[in-house]
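# Structural characterization, general
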Protein chains: 2
Amino acid sequence: MQTSPELLQPAAARVQIALGDRSYPILIGGDLLRDARTWAPQADRKAFALIVTNTTVDALYAAPLAAALAPHFARVRTLTLPDGEVYKDLAHLNLIFDELLGQEADRRTVLFALGGGVVGDMTGFAAACYMRGVPFVQVPTTLLAQVDSSVGGKTAVNHPLGKNMIGAFYQPQQVVCDLDVLDTLPDREMSAGLAEVIKYGASIDVEFLGWLERHIDALRARDRDALTHAVRRCCEIKASIVGADEKEAGLRAILNLGHTFGHAIEAGMGYGAWLHGEGVGCGMVMAAELSARLGLVSTAFARRIEALVARAGLPVRGPADLPPARYLELMRVDKKAQGGDIRFVLLDGESHAVVRTAPEDVVVDVITTLTAAA
Amino acid sequence: MQTSPELLQPAAARVQIALGDRSYPILIGGDLLRDARTWAPQADRKAFALIVTNTTVDALYAAPLAAALAPHFARVRTLTLPDGEVYKDLAHLNLIFDELLGQEADRRTVLFALGGGVVGDMTGFAAACYMRGVPFVQVPTTLLAQVDSSVGGKTAVNHPLGKNMIGAFYQPQQVVCDLDVLDTLPDREMSAGLAEVIKYGASIDVEFLGWLERHIDALRARDRDALTHAVRRCCEIKASIVGADEKEAGLRAILNLGHTFGHAIEAGMGYGAWLHGEGVGCGMVMAAELSARLGLVSTAFARRIEALVARAGLPVRGPADLPPARYLELMRVDKKAQGGDIRFVLLDGESHAVVRTAPEDVVVDVITTLTAAA
């Protein structure tokens, strides 16, 4: 009698992404990365495993992950990319292909994305393209990647003229969220991750929003029980939305609250100056304010979002040196834009989001109001 | 009452690729490209249309295509890439992204691949990746592209260490094979296309093989009736195989007769020195000989393939300066290779193909026998 690989895995919370023959589990728990049993479902003794990571994470977790993978594969190697959003481009993506082809990696090769959103997006896109598709596993090491970017199969690299403009929808084999790794995450990155956590509360789950208001300090302090609940709840919400709209035909776009403004800030300041989560945090404050100005949600609710974003340690004002006209220019190349019209994810009631356009003068006014004094 | 766009299209043979919600038609006939009605199914007056072509084809067909598209789109532009397999790389793919982003192209943008296999593969891959997927149309202008590369959704670029190593399975909205454009195709390119035509006869349809033996001279002379039959029959065969195995899980691999040897010749000589079809032609002779040596098919059938390849104006001997050891090295990074074993598409009976390994000494012996004297 054969035991299924899943049964051999260590105890952890599991959230399933239901996408037919592309379904996969998210594992959430402590001490998962170093445990060889975690990787049993990918075991293939004839296959090559490539860990893709960055310089920062490499020093902390690449060796333990390689050791945990070793019993399952013919060969395990690690490719270390420079750390930062500024390296999320075609040139650095090509370093992954160079390594794969240099190692004569075949179609059974499994890629492991060990890092934050940048590593996950690039590794996933490389897996989608290499030989037109090889399997990959997400091993997110930031809170942002655990609750958002590693789940749902969006992969991409940036282009100088726009973020995530070149990519694919490509699902991993599994996502492993080891909460232990968050202990080494810098406070600034922790806050950036909380922006995406708050997003789920603000645009989808008002009960979770209330829970966040009560536990935001515990989350910033890395309280294990609070983290387990938050990561699990975010993954559950994302799973339900991705399962219903894998390729963002409609519903899935509501996961982008704050992202239209946020992307403009990130791109306008030069990738890396503001973290993605910082742009999203400030962007949510702008989106909430815009929603209130349009009479879609109460001003009180917009203030509630702003207060929570601030308590998470995130900026609630746009950069002084980014004028509204530059936002508009950058937002017109947002992927949601159609026929020149910028489309925003707005709050249409408390914890309810909708995708729509907005009058340009109101948008400019909101940005002006919510920009830091020079 | 609304007339469906397909009913407005000009008279042409139609072959349907059946892939559920990704199904699409191939139109085969004369005077299609210049006829605005051909493009009615893609009409979107709010969308941007980008024709991607190369310097050679641009001069001949870009202006008439742009004129035929103009009534259907808000804006039509043409991007002209340099002509040749050597430019089928990530750097030139990025020129397409530069153009799209420079034009603020949104998700409704439709790409038109006007050219041979290189243009089709690159444009299709760009469409697959841009904003994680925009629609595209294949307008193949070589015989090779009409009968093979434009049909079935394989898109890719090359890497210095391997051909078509970076790509996606991504289906077009329609394929338009205008037979008029073959009148301007150089003889060498015509022969290269016939290699893929012969492939269908040699590995799948013995009746078509007999027809080809009777009509090979008419095809080389661009006889319209012969071309119509050949292009249609090849598309029908490919449609049935792609419909059953879109992502090359098994069956579809038999469309690669001659390609393992052929890719090694192409890569070994430097992309562009041998045309893809020339490599495939010579590669089919090698694959047939290998099949005969392994007792899978009669020597007489292998000779029959060699004679037809020669009559098509294609090389039947490998280049003098490419030693067998170099073939082996290059074939080990073929996408069909697994765990270091080279896998060949071999003839397992007349017009019947199978994917399997072969003893290395026999492979070396076949290459040695079929290499031109220095």
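Residues numbered from 1 in each chain as written. Chains lettered and ligands numbered in written order. Predicted model: local features only at pLDDT ≥ 70, side-chain atom pairs only at ≥ 80, totals over all residues. Heavy atoms only, no water.

### A few points about the overall build of chain A
Within chain A one finds 12 helices and 11 strands. For 374 residues, the compact-globule estimate of 2.2 N^0.38 gives 21 Å, and the C-alpha radius of gyration of chain A, at 20 Å, lies within 12% of that figure. Overall, chain A is about 65 × 40 × 35 Å in size when its C-alpha atoms are taken along their principal axes. Counting all 374 residues of chain A, 61% fall into the buried class. Within chain A, contacts between residues separated by at least 24 positions form 76% of all contacts whose residues are at least 6 apart in sequence. Looking at chain A as shown, the accessible area adds up to about 13000 Å², and 51% of this sits on carbon and sulfur atoms. Distance from the positive charge centre (36 side chains) to the negative charge centre (44 side chains) of chain A: 3 Å. (Helix = DSSP H or I, 4+ residues; strand = E, 2+ residues; numbered from the N terminus. Rg over C-alpha atoms; globule rule 2.2 N^0.38 Å. Buried < 20%, exposed > 50% of the residue type's maximum accessible area, 1.4 Å probe, protein only. Contact = heavy atoms within 4.5 Å. Areas by Shrake-Rupley, 256 points an atom, 1.4 Å probe, with all protein chains shown as cover. Lys, Arg positive; Asp, Glu negative; His and termini not counted. Charge placed at Lys NZ, Arg CZ, Asp CG, Glu CD.)

### Concerning the pattern of salt bridges
Between side chains of opposite charge, pairing is possible as soon as their charged atoms come close. Residues and elements named next belong to chain A. All told, the structure shown has 56 salt bridges over all chains when counted by the stated rule. Here Glu306 and Arg317 are joined by a salt bridge, their closest N and O atoms 3.2 Å apart. With a gap of 11 residues between them, Glu306 in helix α10 (residues 299-311) and Arg317 in the loop between α10 and α11 (324-331) connect regions that are remote in the sequence. (Salt bridge = Lys/Arg side-chain N within 4 Å of Asp/Glu carboxyl O.)

### Side note on the interface of chain A and chain B
Each partner contributes to the interface: chain A provides 35 residues, whereas chain B provides 35 residues. Here chain A packs against chain B, burying approximately 3400 Å² in sum over the two surfaces, 59% of which is carbon and sulfur. Where chain A packs against chain B, one counts two salt bridges. Residue Glu248(A) is joined to Arg107(B) by a salt bridge in which the shortest nitrogen-to-oxygen separation is 3.8 Å. Taken together, chain A and chain B are joined by eight residue pairs in polar contact (both at pLDDT 80 or more). Elements with a minimum of two residues in the side of chain A that touches chain B: α2 (90-102), α3 (117-129), β7 (154-159) and β8 (162-169) of chain A. (Buried area = accessible area lost by both parts, 1.4 Å probe. Polar contact = N/O pair within 3.5 Å; in protein donor to acceptor, adjacent residues only side chain to side chain.)

### Considerations on the domain arrangement of chain A
Residues and elements named next belong to chain A. With domains assigned, chain A is organised as domain 1 (5-184) and domain 2 (187-369). Distance between the C-alpha centres of domain 1 and domain 2: 26 Å. Taken together, the contacts link 37 residues of domain 1 with 36 residues of domain 2. Carbon and sulfur atoms supply 64% of the area that domain 1 and domain 2 bury against each other, a total of about 3000 Å² over both sides. (Domains from an automatic or database assignment.)

### Some details on the packing of helix α9 (residues 276-293) of chain B against helix α12 (residues 360-369) of chain B
Residues and elements named next belong to chain B. Running from N to C, α9 and α12 point in directions that differ by 130 degrees, and their axes come no closer than 10 Å. Overall, the two elements α9 and α12 adopt an arrangement that is oblique. The chirality of how α9 crosses α12 is right-handed. Two secondary-structure elements touch here, α9 through Met286, Glu289, Leu290 and Arg293 and α12 through Val362, Val363, Asp365, Val366 and Thr369. Of the residues assigned to the contact of α9 with α12, the class counts are five nonpolar, one polar and three charged. (Axes fitted to C-alpha atoms, helices over the stretch in contact; angles between N-to-C directions. Parallel < 35°, antiparallel > 145°, perpendicular 65-115°, else oblique. Left-handed = near helix turned anticlockwise from the far one by under 90°. Nonpolar A, V, L, I, M, F, W, Y, C, P; charged D, E, K, R; others polar.)

### Points about unusual backbone geometry
Residues other than glycine seldom take positive phi values, yet Asp31(A) does so here, at roughly 55 degrees. The residue Asp31(A) is located in the loop between β2 (24-29) and β3 (44-54) in this model. On the accessibility criterion, Asp31(A) (42% relative accessible area) is partly exposed. The backbone phi angle of Met131(B) is positive, close to 50 degrees, even though this residue is not glycine. Among the secondary structure elements, Met131(B) is positioned in the loop between α3 (117-129) and β6 (136-140). For Met131(B), a relative accessible area of 3% corresponds to the buried category.

### Looking at the side chain of Arg132(B)
Within the fold, Arg132(B) resides in the loop between α3 and β6. Although Arg132(B) lies buried, it forms no salt bridge, and the closest oppositely charged side chain, Asp121(A), sits 5.4 Å away as judged by the N-O distance. Only 3.0 Å separates the side chain of Arg132(B) from the backbone oxygen of Thr155(A), close enough to count as a polar contact. Those residues within four positions of Arg132(B) in sequence are excluded, and the remaining contacts are Lys154(A), Thr155(A), Ala156(A), Asn164(A), Met165(A), Gly167(A), Ala168(A), Phe169(A) and Lys335(A).

### Here's the deal with the pairing of β8(A)
Residues and elements named next belong to chain A. By the criterion of burial, β8 is predominantly enclosed, with eight of the eight residues buried. Sheet topology note: the β7/β8 ladder contains five bridges and is antiparallel. In the strand pairing of β8, Ala156 is matched with Gly167. In this antiparallel pair of consecutive strands, β7 and β8, the connection spans two residues. (Pairing = 2+ DSSP bridges.)

### Topic: the relation of the copies chain A and chain B
In summary, the two copies of the chain are related to each other by a rotation about an axis coupled with a shift along it. Least-squares fitting of chain A to chain B yields an RMSD of 0.0 Å, with the superposition described by an axial translation of 0.0 Å and a rotation of 180 degrees. In the structure described here, the two chain copies are related by an operation that fits a two-fold rotation axis. Taking C-alpha positions as reference, the residue of chain A nearest the rotation axis is Leu90(A), located at 3.9 Å. Most of the interface of chain A is mirrored in chain B, where 100% of its interface residues are also at the interface. (Least-squares fit on C-alpha atoms with pLDDT ≥ 70 in both.)

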